[in-house]
Amino acid sequence: MQGLIPGYRRDLEIRRYPLLVYLLVPLVALVLQAWLPRVLGRFAYMDLPLLVTIYFALNRRSPIHGTLLGAVLGMAQDGLTQGAIGIHGIANTVVGFLAASIGIRIVVENNFIRMVLNFAFTLLSSALVLFVVHILLGLDWQSNWLEEVLRAAGNGVIGLVLFPLLDRTQMRD
């Protein structure tokens, strides 16, 4: 039994990444988030800054880190759109905090668990954006929930490709 404990404790440790990864991955995600919808049009079912927030929050297992990363990436994402500043900032902040809190409690190395979490967090982000726009700002914003579910499924699939690639960049002991 004790032979299993060190490996399990190692799985619960905070993952570390080179500083260059912390700078380039969010920057690339923001650039692609601004550029790809122009190319793909309405079929751009992705939210790359949200996926980067989820990934680093789950693996760093620090609610403070997840919250700050979500806020920064969300505000930067809002700066690249024509919408109100702060809407995605609020949604990504909440998702970053919740993802880090879940990352503390469970080991999220399984791809199926990662896909389900990406799906759920994307739906939560969409619900928060709708809440902020419709309830807090009082704007009339029509949302098609079928598209939101497709977007969440798309983010889940993109996460299946993106997360193992980002796993390769972590620093090993």
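Please refer to the structure placed before this passage.
Because the structure is predicted, anything quoted here is derived from the model rather than measured.

Rules of the game
Residues numbered from 1 in each chain as written. Predicted model: local features only at pLDDT ≥ 70, side-chain atom pairs only at ≥ 80, totals over all residues. Heavy atoms only, no water. Phe/Tyr/Trp six-rings, centres within 6.5 Å; stacked < 30°, edge-to-face > 60°. Helix = DSSP H or I, 4+ residues; strand = E, 2+ residues; numbered from the N terminus. Buried < 20%, exposed > 50% of the residue type's maximum accessible area, 1.4 Å probe, protein only. Core = buried A, V, L, I, M, F, W, Y, C linked by side-chain atoms within 4.5 Å. Contact = heavy atoms within 4.5 Å. Expected span 1.5 Å × (residues − 1). Polar contact = N/O pair within 3.5 Å; in protein donor to acceptor, adjacent residues only side chain to side chain. Patch = residues over 30% accessible without salt bridge, like charges linked within 9 Å, V, L, I, M, F, W, Y side chains within 5 Å. Areas by Shrake-Rupley, 256 points an atom, 1.4 Å probe, with all protein chains shown as cover. Salt bridge = Lys/Arg side-chain N within 4 Å of Asp/Glu carboxyl O. Bend = angle between axes of the 7 residues up to and from the residue.

(A) Representation of the packing of aromatic side chains. Within this structure, the stated rule accounts for 6 aromatic pairs. Judged by centre distance (5.3 Å) and plane angle (85 degrees), the ring pair of Y17 and F56 falls under edge-to-face. Taken together, the residues span a long stretch of sequence, with Y17 in the loop between helix 1 (4-11) and helix 2 (19-40) and F56 in helix 3 (residues 48-60) at a distance of 39 residues. Overall, the relative accessible area of 1% leaves F56 in the buried class. Look at Y22 and F56: their rings are 5.2 Å apart centre to centre, the planes differ by 40 degrees, and that puts the pair in the tilted class. Residue Y22 is located in helix 2, and its partner F56 is located in helix 3; the two are separated by 34 residues in the primary sequence. Of the two residues, Y22 and F56, both sit in the buried class. Joined through ring pairs, the aromatic side chains of Y17, Y22, Y55, F56 and F163 make up one cluster.

(B) The nonpolar core, seen in detail. The biggest cluster of nonpolar side chains holds 28 residues, and the ones touching the most others in it are I54 and F56. Those elements that place two or more of their residues in this core are helix 2, helix 3, helix 4 (63-79), helix 5 (87-105), helix 6 (111-136) and helix 7 (145-167). The dominant element in this core, judged by the number of residues it contributes, is helix 3, at 9 residues. Setting aside residues no more than four positions away along its own chain, I54 makes contact with V95, A99, N118, F121 and F163. One finds I87, V129, V132 and V133 within the second-largest nonpolar core, a separate group that totals 6 residues.

(C) Region of the structure containing the side chain of Q170. Residue position: Q170 is located in the segment after helix 7. Judged by relative accessible area, which is 13%, Q170 ranks as buried. Apart from residues lying up to four places away in sequence, Q170 is in contact with R15, R16 and Y17.

(D) Representation of helix 6 in the model. With 26 residues, helix 6 extends 36 Å between its outermost C-alpha atoms, agreeing within 8% with the 38 Å of an ideal straight helix rising 1.5 Å per residue. Among all positions in helix 6, only R114, L117, N118, F121, T122, S125, S126, L128, V129, V132 and V133 are buried. In this structure, the buried residues of helix 6 make contact with helix 3, helix 5 and helix 7. One or two steps after helix 6, the chain reaches G138, where phi turns positive at roughly 70 degrees.

(E) Structural context of the side chain of R114. Turning to its location among the elements, R114 is positioned in helix 6. With a relative accessible area of 3%, R114 lands in the buried category. In this structure the side chain of R114 is engaged in a polar contact, spanning 2.8 Å, whose partner is the side chain of D167.

(F) Summary view of a nonpolar patch on the surface. On the surface, a cluster of nonpolar side chains totalling about 460 Å² of accessible area is made up of L20, L24, L27, V28 and V31. Its place among the elements puts V28 in helix 2.

(G) A look at helix 2. A rise of 1.5 Å per residue sets the reference length of helix 2, with its 22 residues, at 32 Å; its end C-alpha atoms lie 31 Å apart and thus fit the reference within 8%. At Q33, helix 2 shows its strongest bend, of approximately 25 degrees, with the proline P37 following within four residues. Turning to helix 2, its buried residues number three or more, namely V21, Y22, V25, P26, A29, L30, Q33 and L36. Elements that come into contact with the buried residues of helix 2 comprise helix 3, helix 4 and helix 7.

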